[in-house]
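# Structural overview
If you want the building blocks of each chain, they are given just below.
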Amino acid sequence: MTLSLNVIAKNFINIIYPLSCESCKARLDPMDTLGVCPSCISKIKKNPLPHCRSCGRSVGNANSICPECGTKRFHFTRAYSACLHEGVMKELIHEFKYRSRISLGNILSGIMIDSIKNYPGALDGVDAITFVPIQDRRLRQRDFNQSRVLASKLSKALSIPLIDALKKVRSTRPQNELSREDRLRNLEGAFAARNARDLNGLKLLLVDDVMATGTTLDQASRTLLENGAKEIICFTLSRGV
């Protein structure tokens, strides 16, 4: 009886406020819980194998690293990304972050959960999951941190504890507005540990929504390591192409 009433209520609400796909705007079934139509879901591009053994970028050889990682070293041990940051995925992340479509966290985290299970050994020895913080001003504007939402859902699905390990202590410009050379300077000293004692000896899975050059994840990883963490593995929803 309760289920039937729920279906009736959702169908009635859908007459007044019809559900639509967050990407193509096509009408959705009143009982939809994902916010994205099957057609758009099918267009999301996975990060194709094989991957760079450092940054997770798609490369031609499973035993190689990409040209960029051949000339630099990150503070994290390895990074993984579920999808390519283009097309439908890029649109969904924009809606999720900047238009407060928090309900998209269900499908986006689901994609991440399915993806990480396909990487043998990615979670071996991980003690806790944490996330890249955002500035207090942006948190007040959005009322949520998209990376924390994803990390929280991963934590629950994977039965790995979630810890709020980092804070943003300095205002920075959005990384996507800067050149590759300016991104590192923009983030120097931007992060701090909330409680270094909580990090001592931990192997952490650091979660963010997008990885472009890897500068944000690198500086966050550096802060975690400097405050006692043993090792950092990074995991993002999408990877810049």
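Cut-offs used in this document
- Residues numbered from 1 in each chain as written.
- Predicted model: local features only at pLDDT ≥ 70, side-chain atom pairs only at ≥ 80, totals over all residues.
- Heavy atoms only, no water.
- Salt bridge = Lys/Arg side-chain N within 4 Å of Asp/Glu carboxyl O.
- Helix = DSSP H or I, 4+ residues; strand = E, 2+ residues; numbered from the N terminus.
- Buried < 20%, exposed > 50% of the residue type's maximum accessible area, 1.4 Å probe, protein only.
- Axes fitted to C-alpha atoms, helices over the stretch in contact; angles between N-to-C directions.
- Parallel < 35°, antiparallel > 145°, perpendicular 65-115°, else oblique.
- Left-handed = near helix turned anticlockwise from the far one by under 90°.
- Contact = heavy atoms within 4.5 Å.
- Nonpolar A, V, L, I, M, F, W, Y, C, P; charged D, E, K, R; others polar.
- Expected span 1.5 Å × (residues − 1).
- Pairing = 2+ DSSP bridges.
- Right-handed = clockwise from strand over helix to strand, strands pointing away.
- Polar contact = N/O pair within 3.5 Å; in protein donor to acceptor, adjacent residues only side chain to side chain.

Proximity of charged atoms lets side chains of opposite charge pair with each other. Overall, the coordinates contain 12 salt bridges when judged by the stated rule. Ionic pairing is found between Arg148 and Asp164, a salt bridge with its closest N-O pair at 3.3 Å. Of the two residues, Arg148 sits in helix α6 (residues 146–158) while Asp164 sits in the loop between α6 and β3 (166–168), which places them 16 residues apart along the sequence. Judged by relative accessible area, Arg148 falls into the partly exposed class, the value being 37%. Classification of Asp164 by relative accessible area gives partly exposed; the value is 31%. Within the structure, one salt-bridge network assembled from shared partners comprises Glu22, Lys25, Glu95, Arg99 and Arg101.

This brings us to the packing of helix α4 (residues 105–116) against α6. For any two helices packed against each other, the geometry comes down to the angle between their axes and how far apart the axes lie. Close contact between α4 and α6 brings their axes to 9 Å; oriented N to C, the two are set at 55°. When the axes of α4 and α6 are compared, the pair comes out oblique. Once α4 is placed against α6, the crossing between them reads as right-handed. Contacts between α4 and α6 involve Gly105, Asn106, Leu108, Ser109, Met112, Ile113 and Ile116 from the first element and Val149, Leu150, Lys153, Leu154, Ala157 and Leu158 from the second. Of the residues contributing to the contact of α4 with α6, the split by class is 9 nonpolar, 3 polar and 1 charged.

This part is about helix α8 (residues 215–226). Over its 12 residues, α8 extends 16 Å from the first C-alpha to the last, a length consistent with the 16 Å expected when each residue adds 1.5 Å. Just beyond α8, the residue with positive phi is Gly228, at close to 110°.

Turning next to the pairing of strand β2 (residues 128–131). Across the two faces of β2 the burial is the same, with Ala128 and Thr130 and Ile129 and Phe131 all buried. Sheet topology note: the β2/strand β5 (residues 203–211) ladder contains 4 bridges and is parallel. In the sheet register, Phe131 faces β5, and the bridge partner there is Val207.

Turning our eyes to something else, we now look at the pairing of strand β6 (residues 231–239). Across a regular strand the side chains alternate sides, sitting on one face of the sheet and then on the other. Counting buried positions along β6 yields 8 of 9 residues, so the element is predominantly enclosed. Where strand β1 (residues 78–84) meets β6, 6 bridges bridge the pair, whose relative direction is parallel. By the bridge assignment for β6, Ser81 is matched with Thr236. Pairing of β5 with β6 involves 8 bridges; the strand directions are parallel. When the sheet's bridge partners are listed, Val210 is paired in β6 with Ser238. Read as a crossover between parallel neighbours, the route from β5 over α8 to β6 is right-handed.

Looking at where Ser238 falls in the secondary structure, it is placed in strand β6. The buried category is assigned to Ser238, whose relative accessible area is 0%. For Ser238, the side chain forms a polar contact with the side chain of His85, separated by 2.9 Å. For Ser238, the contacting residues outside a window of four places in its chain are Ser81, Cys83, Leu84, His85, Met89, Ile93, Asp209, Val210 and Met211.

Let us now look at unusual backbone geometry. Cis geometry marks the peptide bond from Leu49 to Pro50; its omega dihedral reads -5°. Looking at the element boundaries, Pro50 is found in the loop between α2 (38–42) and β1. At Ser100, a residue that is not glycine, the phi angle is positive and equals roughly 55°. For Ser100, the location among the structural elements is in the loop between α3 (87–98) and α4. Even without being a glycine, Ser159 presents a positive backbone phi close to 55°.

We now examine the sheet that holds β1. Two strands in a sheet stick together by hydrogen bonds in their backbones, pointing the same way (parallel) or opposite ways (antiparallel). With parallel pairing, the 4 strands of this open sheet are ordered in space as β1-β6-β5-β2. A strand with exactly one partner marks an edge of an open sheet, and here the two such strands are β1 and β2. Taking each pair of neighbouring strands and ignoring which way they run, the sheet shows an average axis angle of 25°.

In short, the description is geometric, and any link to function would need to be established separately.
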